[in-house]
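In case you want the letters, here they are:
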Amino acid sequence: MKYISSLRMKAIDTNCSYLGLFPLQLMENAGAAIAQSIKEKPGSGKVLFVAGRGNNGGDAFVAARHLAGIPGYNVRVVLLGKDRDIGTEEAFHNFSLLRFSRVQTLEIRDSSQLAACGWFSEADMLVDAIFGTGIRGNIKEPESTAIDLINRERKAGKPVIAVDIPSGLDPDGRGFEKAVYADLTVTFHRMKTGLLNEQAKEHTGKIKVVEIGVCADAEQYVGPGDLQILQKRKPEAHKGNAGRVLIIGGGPYSGAPALAALAALRAGADLVTVAVPESIAGIVASYSPDLIVRKLSSSVLCPEDLAILPDLINSHDVVVMGMGLGRAAETLEAVRNVLPFCRKVVLDADALSALSGPLFETLAGNCEIIVTPHSGEFARLRGMETPGTFEAREKAVREFSEEKGVVTLLKGKIDIISDGKQTLLNRTGNPGMTVGGTGDVLAGLTGSLFSRNPAFLAAACAAYINGAAGDLAFEKEGNALLATDVIKKISEIIKEAEIG
Ligand SMILES: NC(=O)C1=CN([C@@H]2O[C@H](COP(=O)(O)OP(=O)(O)OC[C@H]3O[C@@H](n4cnc5c(N)ncnc54)[C@H](O)[C@@H]3O)[C@@H](O)[C@H]2O)[C@H](O)CC1
Ligand SMILES: [K+]
């Protein structure tokens, strides 16, 4: 059974809006599912909805409206607050519709009104819509008394239905102080992590997972909702908090490491150091005063560079290695010698040629690895052709990632990102991005996000941001776009998603 965290559910909601499926539509379906579950339960029809001021309450307003239209139901809604306190447009809209429905509503200010109103003891069935995935911190009043009153009526033998999650339970399974005891929990779209543990079971009663019409792509493709999960810059941040990235690249090529470094800066890293062979250090430094360039010993990365690289690696959060290195035997040997010093590393381009099965095994557990191959590099990594069909490619990426204990970002028209357990697809980007250097930009972007986020999320969001920046560049330059145009657009995508 697929179950998900509240963060992921929120991301899916946001991705739905991005695709044009709006919260009001999802709420209507959620409320209709609640009404259906109530209709399936025998009872006298005297139903009390106890509603909070968020969208959990919003679902209850919809369900109350649906139920009130059925002969034999006497429907009441207690709102824990005033209507002006309702937190979202869609919930407020649905509360406003109750005045045109046969629903009695009561807006209460403090918990003393709750017990005094008598509605709890007069009801034959109660619906818990105080809060769901939006609970934060210790339970305040009047929500706390509302939970107690629902549980008092449950003890008197009345059925209680919980909307999405019994109020008070932590949606992600962390500790909780108290919660509603329900006979039935109707949860939306996917099972929630927090409903599954032993402690939760005595609160949930039977659990029913109901579809509410979420479009598959909102869950299968990276979207703005996933970017919302990325670490946000803290106001009190100081230098280095937003990530220190070390780029190890260059040799035959000098542009590639510079592109990766500039992309890492544009994606929000505080400090980006570019370690390049001495022969091109001056050239790379001349590209931009924003780059901190450390010269290595020769004209290609070689084992002698192990004299300075471990200290450099230790003073950075993540290493991005590969672009422009070339594939000289001594360079590939140096890559293999460097890896054991890394804690977090993005391996791209020529560095991928240094990888082998045994190397993955020795690194497993000590180093978190993201590989960013294109299909030819992926074929070499796996030692076999990259499968032709999309489904076969997706399976190959998932199996490879699981087997090697890495996150794989397989670049393509549709990027495939997997850590072996979860897989996301990305469709941003355009044919103009086949121009040289966009892979270096992606690797630098990935390293920047990885310096302050989990590997899988960093790779998935980097794929999305890189392609979306490329789409903005395409709008202006068409197929003549350059990798430097993509770098320029990264900040717009990050600002748009308010993760800057
Ligand atoms: N795709 C979906 O799964 C859909 C889910 N829906 C429902 O939306 C809620 C989540 O709604 P949200 O507005 O984010 O938060 P909640 O309503 O769960 O709670 C916020 C509400 O609760 C108050 N509150 C929070 N913490 C406390 C506390 N410690 N003490 C007192 N009060 C607290 C806060 O002030 C807010 O008023 C989800 O569970 C689903 O039911 C969508 O409707 C449909 C799609
Ligand atoms: K609830």
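Residues numbered from 1 in each chain as written. Chains lettered and ligands numbered in written order. Predicted model: local features only at pLDDT ≥ 70, side-chain atom pairs only at ≥ 80, totals over all residues. Heavy atoms only, no water.

(A) Local environment of the coordination of the potassium ion (ligand 2). Protein coordination at the potassium ion (ligand 2) comes from Asn-56 (OD1), Asp-128 (O), Phe-131 (O), Val-163 (O), Ile-165 (O) and Ser-167 (OG), with a distance range of 2.6 to 3.1 Å. Taken together, the six donor atoms coordinating the potassium ion (ligand 2) and their angles of 63 to 173 degrees define a geometry best described as irregular. Mapping the donors of the potassium ion (ligand 2) onto the primary sequence yields the spacing N-x71-D-x2-F-x31-V-x1-I-x1-S. Across the pair, Phe-131 and Asp-128 agree in class, each one buried. (Donors = N, O, S within 2.8 Å, 3.2 Å for Na, K, Ca; no water. Tetrahedral: all angles 85-135°; square planar, octahedral: opposite > 155°, others 65-115°. Buried < 20%, exposed > 50% of the residue type's maximum accessible area, 1.4 Å probe, protein only.)

(B) A look at the pattern of salt bridges. This structure, assessed with the given rule, holds 24 salt bridges. When the shortest N-O distance is used, the salt bridge between Lys-178 and Asp-148 registers 2.7 Å. Of the two residues, Lys-178 is situated in the loop between β6 (160–163) and β7 (184–188) and Asp-148 in helix α7 (residues 143–155); the sequence distance between them amounts to 30 residues. Overall, the relative accessible area of 21% leaves Lys-178 in the partly exposed class. Among the residues examined, Asp-148 registers a relative accessible area of 38% and is labelled partly exposed. (Salt bridge = Lys/Arg side-chain N within 4 Å of Asp/Glu carboxyl O. Helix = DSSP H or I, 4+ residues; strand = E, 2+ residues; numbered from the N terminus.)

(C) Focus on the UniProt feature "binding site: AMP" (unreviewed entry) in the chain. What UniProt calls "binding site: AMP" (unreviewed entry) maps, in this numbering, to Gly-439. Relative to the elements of secondary structure, Gly-439 occurs in helix α18 (residues 438–450). On the basis of relative accessible area, Gly-439 is assigned to the buried category, the value being 18%. Setting aside chain neighbours within four positions, we find Gly-439 in contact with Asp-348 and Lys-411. (UniProt positions renumbered as here; feature names shortened; annotations may be inferred. Contact = heavy atoms within 4.5 Å.)

(D) Representation of the site of ligand 1. In the vicinity of ligand 1, 24 residues are found, and the nearest of them are Asp-13, Asp-59, Gly-132, Arg-136 and Asp-164. Backbone polar atom of Thr-133 to an oxygen atom of ligand 1: 3.0 Å apart, as the coordinates give it. Lys-140 places a main-chain nitrogen or oxygen 3.0 Å from a nitrogen atom of ligand 1. Notes on ligand 1: free accessible area 880 Å², of which the protein chains cover 87%. (Near = heavy atom within 4 Å. Polar contact = N/O pair within 3.5 Å; in protein donor to acceptor, adjacent residues only side chain to side chain. Areas by Shrake-Rupley, 256 points an atom, 1.4 Å probe, with all protein chains shown as cover.)

(E) Main features of unusual backbone geometry. Going from Glu-141 to Pro-142, the amide bond is cis rather than trans, its omega being 0 degrees. Tracing the backbone shows Pro-142 in the loop between β5 (125–129) and α7. A positive phi angle, close to 70 degrees, is found at Asp-164, a residue other than glycine. Its location among the elements puts Asp-164 in the loop between β6 and β7.

(F) Fine view of the sheet that holds strand β16 (residues 407–410). The strand order across the open sheet built from nine strands is β12-β11-β10-β13-β14-β15-β16-β17-β18, with neighbouring strands paired in mixed fashion. Of all the strands in the sheet, just β12 (292–295) and β18 (423–426) have a single pairing partner and so form its edges. Across the sheet, the mean angle separating the axes of adjacent strands is 15 degrees when strand polarity is ignored. Summarising the sheet, strand β10 (residues 244–248) and strand β11 (residues 271–276) pair through five bridges and their orientation is parallel. When the bridges of β11 are listed, Ile-247 appears paired with Val-274. Here helix α19 (residues 455–477) sits on the sheet and contacts β15 (368–371), β16, β17 (415–418) and β18; the angle it forms with β17, its principal contact strand, is near 170 degrees. (Pairing = 2+ DSSP bridges. Axes fitted to C-alpha atoms, helices over the stretch in contact; angles between N-to-C directions.)

(G) Summary view of the nonpolar core. Counting 61 residues, the largest nonpolar core has Ile-247, Ile-417, Ile-465 and Ile-490 as the members making the most contacts within it. At 15 residues, the largest contribution of residues to this core is made by α19. The contact partners of Ile-247, leaving out residues within four places of it in the chain, are Pro-257, Ala-260, Ala-261, Val-272, Thr-273, Val-274, Ala-275, Val-320 and Met-323. Within the second largest apolar cluster, 42 residues are counted, among which are Phe-49, Val-75, Ala-91 and Phe-95. (Core = buried A, V, L, I, M, F, W, Y, C linked by side-chain atoms within 4.5 Å.)

(H) Seen up close, the domain arrangement of the chain. Each assigned domain of the chain is listed here: domain 1 (3–220) and domain 2 (233–499). A separation of 44 Å is found between the C-alpha centroids of domain 1 and domain 2. Between domain 1 and domain 2, the contact holds five residues from the first and four residues from the second. Of the roughly 360 Å² buried where domain 1 meets domain 2, counting both sides, 39% is carbon and sulfur surface. On the domain 1 side of the contact with domain 2, Tyr-18, Asp-217 and Gln-220 bury the most area, a combined 80% of that side's loss. Run the count over domain 1 and domain 2 and you get one salt bridge. Note that Asp-217 and Arg-427 form a salt bridge whose closest N and O atoms lie 2.8 Å from each other. Applying the counting rule to domain 1 against domain 2 returns three residue pairs in polar contact (both at pLDDT 80 or more). Secondary-structure elements contributing two or more residues to the side of domain 1 that touches domain 2 are α1 (6–19) and α9 (216–220). (Domains from an automatic or database assignment. Buried area = accessible area lost by both parts, 1.4 Å probe.)

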